[in-house]
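# Descriptive analysis of the structure
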Amino acid sequence: MSTAQPRLKRERKRSREIFERAENVLVGGVNSPVRAFKSVGGEPLIIERGSGQYLYDADGNELLDYVCSWGAMILGHANPAISEAIAEQARRGTSFGVTTELELELATLITRAIPFIEKIRFVSSGTEATMSAVRLARGVTKQDFIVKFEGCYHGHADSFLSQAGSGLATLGIAECPGVPAPLAALTLNVPYNNLGAVERVFSQHKGKIAAVIVEPIAANMGVVVPETDFLKGLHEICKKNGALLIVDEVITGFRLRNGSVQDNFGVEADLTTLGKIIGGGVPVAAYGGRAELMDQVAPLGPVYQAGTLAGNPLAMSAGIAALKQLTKPGLYDEITQMAQRLAVGLCAGLAEAGIPGEVNAIGSLATVFFTLGPVKNYANAKRSDTKRYARFFREMLDRGIFLAPSQFEAAFVSAVHTPQDIDRTLAAAHEAFQVISSESAD
Ligand code: HOZ
């Protein structure tokens, strides 16, 4: 393996000082719990700027970024075309509260790339998209129960906060106080990749289930890949029982291909949610599906949903500029090849250091689990030695590599990462694994 990796150049003094002040006015010093580094320790990052594959902290340290704003920045930070589109739109006005042609343009780019989304509604966050899709499913089917999967995360609306992944998994919050028990009881959790369990809840709640909501590739309990025909099987069960399938593509939409990852698995969901990448790094999300279903949303139908900043022109401009670049031939193949090189190298590094581990990877998503045996669901993911993950994270950060600050998240490779970046990351991982291995031997 290559030579020792450089350590961060500067003490994170200024970052520390900013964070301490932030703690006085921002809850936990952050605006989203996943930024708080609670399970990995150390001080949260304070970022001053980003460029391409790098972030620069308040002390001027350069970090090779695999968080990529939780997957949104597939084109890297401060992408010139996106920045220019935002600046140009800012000069024309930032919010009108009425329709612009930009909304039509972004909707057209999305529906052309994902033809089974016949109609779409833009919202401002993934939470709004999933919450609204569930409301629509309940409104259309006139049923109340929903099925979700343990360890999947669909944002922070009340119905999704039991046995959820991402920050709830990180912080160990299995059930969230504040969610009324009668509402929580309408969410039925089953293990991911287990069609038998889905069949069972459908027979226990016959005719009462409105929808199944699923991450087509689970990325909020770490990466967990769906088994062959899991998603197809889900749709079959839904159809048989008069329920709708909602595929939550807030992370996977436009991440593995120029469109929906459902094409990889031969599924066309009734409703699909999108976010992150479609906003080019500005807050946008959406839900959409067959016209006959979407026409039940107000003003055409009675299922109400609204938003002052929905379809915001700055966000639409950024999304259009992003999606136009994602049509470049070969782009996704290149990103996938780099991610595969990363995953294969990480596996080799674990083996060489004699550390029990698994690397789950697909497309440009990857997670290292410190556990033996395949990780196919949340129970498996929770077996991972999260203390080891924390050690790994800190050793990598010390070497200027920013991975997800939790076991229960994904690493994202972007279009601006290079083969040299991957090699540098693997060299750092090699060192980190050796440190972990030597500590376990003590
Ligand atoms: N889906 C993201 C984490 N898995 C959301 C980021 C956040 O919660 O701030």
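The rules behind the values
- Residues numbered from 1 in each chain as written.
- Predicted model: local features only at pLDDT ≥ 70, side-chain atom pairs only at ≥ 80, totals over all residues.
- Heavy atoms only, no water.
- Axes fitted to C-alpha atoms, helices over the stretch in contact; angles between N-to-C directions.
- Helix = DSSP H or I, 4+ residues; strand = E, 2+ residues; numbered from the N terminus.
- Parallel < 35°, antiparallel > 145°, perpendicular 65-115°, else oblique.
- Left-handed = near helix turned anticlockwise from the far one by under 90°.
- Contact = heavy atoms within 4.5 Å.
- Nonpolar A, V, L, I, M, F, W, Y, C, P; charged D, E, K, R; others polar.
- Salt bridge = Lys/Arg side-chain N within 4 Å of Asp/Glu carboxyl O.
- Buried < 20%, exposed > 50% of the residue type's maximum accessible area, 1.4 Å probe, protein only.
- Core = buried A, V, L, I, M, F, W, Y, C linked by side-chain atoms within 4.5 Å.
- Pairing = 2+ DSSP bridges.

## Re the packing of helix α14 (residues 386–398) against helix α15 (residues 419–441)
Running from N to C, α14 and α15 cross one another at 135°; their axes reach a closest spacing of 9 Å. Classed by the angle they form, the pair α14 and α15 counts as oblique. The two elements α14 and α15 meet at a crossing, and its hand is right-handed. Counted together, Arg388, Arg391, Phe392, Glu395 and Met396 of α14 and Thr425, Ala428, Ala429, Ala432, Phe433, Val435, Ile436, Glu439 and Ser440 of α15 form the full contact between these two elements. Split by residue class, the contact of α14 with α15 holds eight nonpolar, two polar and four charged.

## Observations concerning the pattern of salt bridges
Inspection of every chain in the model, using the stated rule, returns 19 salt bridges. Two residues, Arg391 and Glu395, come together in a salt bridge whose shortest N-O distance is 3.1 Å. Separated by four residues within a single helix, Arg391 and Glu395 lie in helix α14, roughly one turn from each other. With relative accessibility at 6%, the residue Glu395 sits in the buried group.

## Side note on the nonpolar core
If you look at the biggest cluster of nonpolar residues, it comprises 72 residues, and the most contacted ones within it are Ile110, Phe122, Phe254 and Phe392. If you tally residues by element for this core, the top one is helix α12 (residues 331–353), at 10 residues. Counting residues in each nonpolar core, the second largest holds 33 residues, with Ala197, Ala218, Leu231 and Ala269 among its members.

## As for the sheet that holds strand β1 (residues 47–51)
The sheet built from four strands is open, its strands ordered β1-β2-β3-β13 with mixed pairing. Edge positions in the sheet fall to β1 and β13 (401–402), since each has one partner strand and no second. For β1 and strand β2 (residues 54–57), the ladder comprises four bridges, and the chain directions are antiparallel. Across the sheet, the residue bridging to Arg49 is Tyr56, located in β2.

## Remarks on the pairing of strand β3 (residues 62–65)
Pairing between β2 and β3: three bridges, direction antiparallel. Considered in β3, the bridge of Tyr54 is made with Leu64. Between the end of β2 and the start of β3, which pair antiparallel, lie four residues, with Gly60 showing a positive phi angle near 85°. As defined by bridge partners, β3 adjoins β13 across two bridges and the pair is classed as parallel. When the sheet's bridge partners are listed, Leu64 is paired in β13 with Ile401.

## So, the environment of Val359
Within the secondary structure layout, Val359 lies in strand β11 (residues 358–362). Taking the relative accessible area as the measure of exposure, Val359 reaches 14% and is therefore buried. Sequence separation between Val359 and Val282 is 77 residues; the distance between their C-alpha atoms is 30 Å. Beyond its immediate chain neighbours, meaning those up to four positions away, Val359 contacts Ala343, Leu346, Cys347, Leu350, Thr367 and Val368.

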